[in-house]
Structure formats: structure tokens, C-alpha cells
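Descriptive analysis of the structure
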Amino acid sequence: MPRIFSWLMSCAILVLLTSCSDFDKEFTVRSAKSTIDVSLDGTALVSESFDISVNKMENYGGFYVDIPQRFTDASGGVHWRDFALVAARRDGSDEYYFKENNVPGYSIYIGKEHCKRCPADLFMGVTKIQIAYRLGRLVRQEGDRQVLFLPAYMGRVHDQGAKKTLTLGVPPGGALRPSRDDPAAYEIIQKAPDEFVVSIAAGKRDRVLQDIEIEYPGGTFLGGTSDWRMRWWFSDHFLPFLSILGPLIVGLVVILKFRPSWLLPAPLIVVDVKMTESISPALAAYLFQNWKADAAKAAFMASVCHLAVKRTLRISSLDENADASDLLSKHERRRGKAGRGKWYGLPAATRLVFGRIGKERSVGDRRRVKNARPDVRDQLHRTVTEEYQKVRGIDRWSLAAVVSILALGIAVACFSGLLIFSAAICGILLILFLVLMMVRHPEQFPVPTDGFERFKRAVSLFVGFPVMVIFAISYIGTTEVISEQRPYLVAILLNIVGMVIVLAMLRMPTPKQRRIHTNILILNRYLRGEIDGPAMSIECYEHYLPFAVALDVQHYWTERFNFWRESEKMDAYAPDWLIGSQTDGIIKVSSKSAEE
């Protein structure tokens, strides 16, 4: 745990260091020039240069160039075009760079590499940043016309608004469409049939300028194949599709968990014998009483009865004042095939009760059963809970859904440029969850015995957690989320909520667990004689007697057995698992319980 805390601390310090740069004081963008050459296939080669003045000796060491990929046409349609970096240079030489995703496109860092032994600062003076890249097809079809659309700005350096000049080289024969802004936010001059010059004044409006649209006759640009059109459509809708896919998975999981009756399996109307054989009488007692604390007594006595009918011991009666004798010895359990079969064929809860009874002091050859119940209560509950979880199995679909939602959330955060922002939000939520867990379940976080370990734990709790929360909140408060990123931030938050919902639903009973619970309720009606079920016999009576004790209906079950015995004209029933006089004692106790 302390290693995780130290790793999170390192990440928080890294975020703090990378956010300390004040670009406006360290650098000044003097000019920006772009040349865009559009080919007949509708793609464009862009070359851009930025003259930047380095004002301070100590600086960040590089610049971020924002490249758009997401264009909006006059009708409001959004188009996403392919991007391929060709070159990144500083003062005419190739320079170190790396790319980061963002909603409008890419942010490309050009400058010094940040490492332990690398000089991170640029020399003071004027430096020239050059970048070249290709954009995918920038042509759309409108009826019998083709429209070339370009953003009024191309690359932009780190939120600067210097005066900018764009030179557009396009195929001849196009007519410039008038700007929808009044007055126009930029000046555009056609110097030749295939050349336009766009001038953008200094300021920050260049992020929201209207696109430049040039209309051409149909057939000017080469038509794309159907495969390319499908690829263009997919790239236009890829990020929105990723954003809605996570909530859709959550909705599907919720529907399957709370699915309507026509999707549920047919309800049980008779006792499922195989299902009854697959669980212990102790689990039946807990399920029937909805896991109340009082179920421990019924579960214990049902396990004692189960031991008796399996011939592992003998008992004097079915109440808690019973005595037990003739316990299966360890020698028989280990060496005899019959003994091993009896022992390992029993459920874990039943074996647990047997082992605790065997530890009781014997009087003669008998042990008092009720003396073992208080010592085994908590462990019996844990054993039955483990059995219930094994019945549940691994909910692989829900776990796969959680992993898928997490992967989709990370993908959306990466492509939208919100990865660190989302990590900061998740870090705050994770810390709050850990603190809440420590308050509610302190037994799961034992205090270390070693003094130094306790000191590290205290530092993590009282220093590490607050510092990381402060760093995360500071980053969230100082980072701008642009309007294009806000829908994807909402999608990321919905993915986080969705993961919490799916993980919370892992505690819900699975369909198999619900069917077992329903089978217990039907078994209760069968034991009471309200519905028909397996045909009565001595084997049937002994098989279901532990379950009758678990459900507290042993008197009804015994009465049904006696009625069947009389109808079959059986004079006596003397089971070898009962001490003393046979069944009369059971009938007397059961009848007394019924009268009470």
C-alpha cells in the first residue's frame, strides 16, 4: 500500500512540474505563416513556420503546436480528417517532438527533450519552428457540386494569437463562398485562379473562425471509392461512438440484471432434486431466513441431522439438547475407502460442525451437541457464505463489462486530450473511497506493528492524501476544458459512474442463486405437504429431513412420513443413526413443537 501512495505522489509532483510553465512570460510569438497545397484527390500538404522570441533564460524548453483535424461545415456537420506528420524542425534542423491527442486534433510538442541529463532550456533570442503535415480528404459532395473546406487557421502555438498569414494553393476553377460572419473575421484575397491569401489579425478569435469554403464543379476532385467513403464516415463518428458505447454497455448490463419476465427462465414449480443435492442444509437455513443471525441455530442443527442421516454419527433427538455418539474416527476418514467417501462427500459446513462436536468432552461415549454451537457460529456463517459464493461462480460478463467500460473511458480520454484531467478526477474519487473504507471497515486496514511502518502509514494518511488531493484539484481548476471537450468529459464521467454501478451489481444474486432460493421456498411447501414432489420412501424421508430441520418444518415432514408408513403398513422404523428408541422420540418432540 505505501508503494502505491508513493507512486501516486510522484505522478502528482510530475503533473505539478509540467503545469508550472508560464508560456506568456517565457515566449512571444512574433509571426505565423502557413502554406496549404491542395491536391486533386482532396488531400492537403501543410507547411507552417512560427517566429518565436525566447524571453527568459529558464524556460520550458519547447512549444506546443495545435493542429486541427475536426472541421465544421456550414450546415453544422462535423468532419474528422486523417493527419500524418511529415517533419518537425527548429531553426532548420530536425527537432525532438511528441504528439498528444486533443478533440480538435493534435497538440505536437517541439523542443528540448525533458529528461534527467538533458538541458531543458532554450537559448534567448528568436527561434523558428517549422512543421509539415498532411491532412486527409477535405472535399464534400453537395448535389452536383464539390466543396473544398479548410479551417481559417491551421497550426497554432500554445494558445497564442499572433498575426497569421495563410497561403492556399488550390486547383483552379473554384469560387470562394462568402463568410457567414458579418463583418468577416478574416481578410481573404484571391491573387490568382489557384491561389488565395488569408490574413488573420492578432487575437484569440482564430480558434472559432468560420471555415473557408471554395465551391467547384462536380468532377474537379477525384471521387473516393466506397471503402474510402466508409472510412471517412467512420473517422467522422469514431470519437462520438466511443463516447456513447460505455453508457450503452452499462445500460445493457442493467437490463440483463433487471430483465423483464419474458427474458427470465421459466419459474420453478416443482422441487429440483439435483439442485437440492448441490447445496448444504446449512445454506438452505440461511437462505430461508434471509441471512439473519437467528439462522445460525437452524443451520447448526440441520448440519447435525445431516451427519446423522449420512451415518457419520448417531444422535438422541433433533433438538439442541441431543447427545451425539459413535463419531466417525479419523482413522476411518483417512484410511478406509468407505470412511473417506462419507467424509469428503459432506459439505464443508457439515464437516465443520462434525469437527467441533468431536472436540467436545465426552461423558461415556456421548457428547452434548448444544455445547458446540456457540464456538462454531461465526465460522459456520463464513463457511456458508463461501459456499454461496462458489454457487454464484465468477460473473465473467460483469467483469468483462467493467474492463470494457474502463478501456473505453481511457480511449475517450486519450483521443479527447483529457487523460490527465480524468486521472485527476479518478484520483480524488479513489482517495475519498479509500478514506471511507478505512472509516467503515478499519479491520481491513490493520495497523502495522513496526514503528517505522506505522510512521509511513501516518505520513501517507495525513500528508500524502491531502497533498495529492490538493494537486489534483489545482490541476482541475487551472486546466481549461474547451467547448468541444465538454461532451466527452461528460461521457468519461458517465463511464466512471457506470463502472461503479456495474461493480455494485456484482453483489446482487446471480440467476443460479435466485433459482436456488426459489427452490428452497418450493421445498418448504413440499415438506409441509402443500404441493406434490418426490415420492415418499425411507430414503426420501432421510434425504430431506436435514432440510426440514433447516426450514423448521421437521414435525410436518415427520407426520407425512408416519402417514405414509401407516398406509404402507410398516410396523416399525428403527434407523441406525438414532440413539435409543427409534422414531417415537422424534415424533414426540416434533408434535410438542407443533403444539407450541
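Definitions and cut-offs
- Residues numbered from 1 in each chain as written.
- Predicted model: local features only at pLDDT ≥ 70, side-chain atom pairs only at ≥ 80, totals over all residues.
- Heavy atoms only, no water.
- Helix = DSSP H or I, 4+ residues; strand = E, 2+ residues; numbered from the N terminus.
- Buried < 20%, exposed > 50% of the residue type's maximum accessible area, 1.4 Å probe, protein only.
- Contact = heavy atoms within 4.5 Å.
- Polar contact = N/O pair within 3.5 Å; in protein donor to acceptor, adjacent residues only side chain to side chain.
- Salt bridge = Lys/Arg side-chain N within 4 Å of Asp/Glu carboxyl O.
- Expected span 1.5 Å × (residues − 1).
- Pairing = 2+ DSSP bridges.
- Axes fitted to C-alpha atoms, helices over the stretch in contact; angles between N-to-C directions.
- Parallel < 35°, antiparallel > 145°, perpendicular 65-115°, else oblique.
- Left-handed = near helix turned anticlockwise from the far one by under 90°.
- Nonpolar A, V, L, I, M, F, W, Y, C, P; charged D, E, K, R; others polar.
- Core = buried A, V, L, I, M, F, W, Y, C linked by side-chain atoms within 4.5 Å.

Thoughts on the overall build of the protein
Each helix and strand counted, the protein has 18 helices and 21 strands in total. By residue count, 43% of the 596 residues in the protein fall in the buried class. Residue pairs at least 24 apart in sequence account for 73% of intrachain contacts in the protein once pairs closer than 6 positions are excluded.

Quick look at the side chain of His306
Take His306: it is sitting in helix 6 (residues 295-309). His306 sits in the buried class, given a relative accessible area of 10%. Among the polar contacts listed, one links the side chain of His306 to the side chain of Thr350, at a separation of 3.3 Å. When near neighbours in sequence (up to four residues on either side) are disregarded, His306 contacts Pro281, Leu346, Pro347, Thr350 and Pro546.

As for the pattern of salt bridges
For the structure shown, the criterion picks out 16 salt bridges. Of the charged contacts in the structure, one is a salt bridge between Lys164 and Glu48, with a shortest N-O distance of 3.6 Å. Separated by 116 residues along the polypeptide, Lys164 in strand 14 (residues 164-169) and Glu48 in strand 2 (residues 44-54) bring together distant segments of the chain. For Lys164, a relative accessible area of 4% gives the class buried. As a salt-bridge pair, Arg366 and Asp323 come within 3.8 Å of each other at their nearest N and O atoms. You can see Arg366 sitting in strand 21 (residues 366-368) and its partner Asp323 sitting in strand 20 (residues 323-325), a full 43 residues away along the chain. Looking at Asp323, the relative accessible area reads 15%, which means it is buried. Each of Glu142, Arg145, Arg177, Glu213 and Glu215 takes part in one network of salt bridges that share partners.

Quick word on helix 13 (residues 451-478)
The end-to-end C-alpha separation of helix 13 is 39 Å, in line with the 40 Å expected for 28 residues at 1.5 Å each. Regarding helix 13, the residues found buried are Ser460, Gly464, Phe465, Met468, Ala472 and Tyr475.

Describing the pairing of strand 11 (residues 139-142)
Where strand 11 and strand 12 (residues 145-150) come together, four bridges link them in antiparallel fashion. Bridging across to strand 12, Val139 finds its partner in Leu148. Remark: two residues form the turn of the hairpin made by strand 11 and strand 12, two consecutive strands paired antiparallel; Gly143 in that turn has positive phi of roughly 65°.

Details of the packing of helix 6 against helix 16 (residues 538-550)
Helix 16 packs onto helix 6 with a crossing angle of 165° between their chain directions and a minimal axis gap of 7 Å. On the basis of the axis angle, helix 6 is roughly antiparallel to helix 16. Two packed elements cross with a definite hand, and for helix 6 against helix 16 that hand is right-handed. Two secondary-structure elements touch here, helix 6 through Ala298, Met301, Ala302, Cys305, His306 and Val309 and helix 16 through Glu542, Leu545, Pro546, Val549 and Ala550. Looking at side-chain class alone, the contact of helix 6 with helix 16 contains nine nonpolar, one polar and one charged residues.

Let's talk about the environment of Pro151
Mapping Pro151 onto the fold places it in the loop between strand 12 and strand 13 (156-157). Separated by 83 residues in sequence, Pro151 and Pro68 place their C-alpha atoms 8.0 Å apart.

Topic: helix 11 (residues 396-415)
Over its 20 residues, helix 11 runs 28 Å from end to end, which matches the ideal 28 Å to within 8%, given 1.5 Å per residue. Here helix 11 has its buried residues at Ser398, Ala401, Val402, Ile405, Leu408, Gly409, Ala411, Val412 and Ala413. Backbone geometry just after helix 11 places Gly417 at a positive phi near 75°.

So, the sheet that holds strand 18 (residues 212-217)
Strand order in the open sheet formed by four strands is 11-12-18-15, with antiparallel pairing between adjacent strands. Of all the strands in the sheet, just strand 11 and strand 15 (175-176) have a single pairing partner and so form its edges.

Thoughts on the sheet that holds strand 20
Read across the open sheet, the three strands follow the order 19-20-21; overall the sheet is antiparallel. Taken across any chain shown, the strands that pair with only one partner, and hence form the sheet edges, are strand 19 (314-315) and strand 21. Here strand 19 pairs with strand 20 via two bridges, running antiparallel. By the bridge assignment, Ile315 is partnered in strand 20 with Ala324.

Side note on the packing of helix 10 (residues 373-392) against helix 15 (residues 511-528)
Where helix 10 contacts helix 15, the two axes come as close as 8 Å, and the packing angle between them is 120°. Here helix 10 lies oblique to helix 15, going by the angle between them. For the pair helix 10 and helix 15, contact is made by Tyr388, Val391 and Arg392 and by Lys512, Gln513 and Ile516, respectively. Across the contact of helix 10 with helix 15, the residue classes break down as three nonpolar, one polar and two charged.

Notes on the environment of Gln69
Examined against the element boundaries, Gln69 turns out to sit in the loop between strand 3 (62-68) and strand 4 (70-72). Spatially, the C-alpha atom of Gln69 lies 7.0 Å from that of Phe83, the residues being 14 residues apart in sequence.

Some remarks on the nonpolar core
Membership of the largest hydrophobic core comes to 64 residues, with the highest contact counts inside it found for Phe300, Tyr526, Leu527, Tyr544 and Trp557. Breaking this core down by element, the ones donating at least two residues are helix 5 (281-288), helix 6, helix 9 (348-358), helix 10, helix 15, helix 16 and helix 17 (554-567). With 12 residues, helix 6 is the largest single contributor of residues to this core. For Phe300, the residues in contact, after removing those within four places along its chain, are Val353, Val369, Ala372, Arg373, Val376 and Leu380.

Digging into the side chain of Thr383
Along the chain, the position of Thr383 falls in helix 10. A polar atom in the side chain of Thr383 sits 2.8 Å from the backbone oxygen of Gln379. Every residue in contact with Thr383, bar those within four places of it in the chain, is listed here: Ala348, Ala349 and Leu352.

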